[in-house]
Amino acid sequence: MSVPPQLQKVIDDVDKQLHEKGSLTDMLGMVESKTGIKRLHIVLGAFGLQALYLVFGHFAGLVCNIIGFLYPAYVSVMAIESAGKEDDTQWLTYWVVFAVLSVCEFFAQQIVAVFPIYWLVKAVFCIWLYLPATKVFRGASMIKYRATILYQKGIRPFVLKNQSSIDQAARKVADAAKDVVGEVKQRLE
């Protein structure tokens, strides 16, 4: 069976990365030598099992959110500790997109009832968001993160267009909260 060239390129890239020096790839190499199973097949099998769990598993939502949280949280801390500002902006943008997804998940039970592979799709989407996308622009390779692209093309224009309404609603909520706190203080005195 023939694999489409684009998919074959992705598979070859992943296989190449799995043979680069590193603690995880060294461990995969050891497992490969002991079992005789190619490390690419081991990784694809692990991803396949993970995908099945995200569709049928009891804690699929939790696992999905760990996938969307763990690595980005780690690299966000590393970005904060670095001297540059660019990586801070990139990961702050990821968290804005992740927060929008999380708010939409208020309806997750209804979504999962109609669309049972929701957690799998969300996990793949989160990974897609935080992996770099390489573009060639005027002969130079540029790495741009997809969360930044989604933010610039979707979230930012929406917020800028509706900024005054959002600010007004935020002021109303803050005023209402201040009134409630004042009433609670009065009742406690």
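This text gives an overview of the structure that appears in the document. (Residues numbered from 1 in each chain as written. Predicted model: local features only at pLDDT ≥ 70, side-chain atom pairs only at ≥ 80, totals over all residues. Heavy atoms only, no water.)

So, on to the overall build of the protein chain. What the protein chain contains, in helices and strands, is 9 helices and 2 strands. Against the 2.2 N^0.38 benchmark of 16 Å for 189 residues, the protein chain shows a C-alpha radius of gyration of 22 Å, more extended than a compact globule. The principal-axis extent of the C-alpha atoms belonging to the protein chain is close to 75 × 45 × 35 Å. The buried share of the protein chain, taken over its 189 residues, is 21%. A separation of at least 24 residues holds for 42% of the contacts in the protein chain among residues at least 6 apart in sequence. The protein chain carries 20 positive and 16 negative side-chain charges, and their two centres are separated by 6 Å. (Helix = DSSP H or I, 4+ residues; strand = E, 2+ residues; numbered from the N terminus. Rg over C-alpha atoms; globule rule 2.2 N^0.38 Å. Buried < 20%, exposed > 50% of the residue type's maximum accessible area, 1.4 Å probe, protein only. Contact = heavy atoms within 4.5 Å. Lys, Arg positive; Asp, Glu negative; His and termini not counted. Charge placed at Lys NZ, Arg CZ, Asp CG, Glu CD.)

Two numbers describe how helix H5 (residues 86-104) lies on helix H8 (residues 146-161): the axes approach to 8 Å, and their chain directions differ by 60 degrees. Compared by their axis directions, H5 and H8 come out oblique. Crossing of H5 over H8 shows left-handed handedness. Facing H5, whose interface residues are Gln90, Thr93, Tyr94, Val96, Val97 and Val100, H8 presents Ala147, Thr148, Leu150, Tyr151 and Ile155. When grouped by side-chain class, the residues that make up the contact of H5 with H8 number 8 nonpolar, 3 polar and no charged. (Axes fitted to C-alpha atoms, helices over the stretch in contact; angles between N-to-C directions. Parallel < 35°, antiparallel > 145°, perpendicular 65-115°, else oblique. Left-handed = near helix turned anticlockwise from the far one by under 90°. Nonpolar A, V, L, I, M, F, W, Y, C, P; charged D, E, K, R; others polar.)

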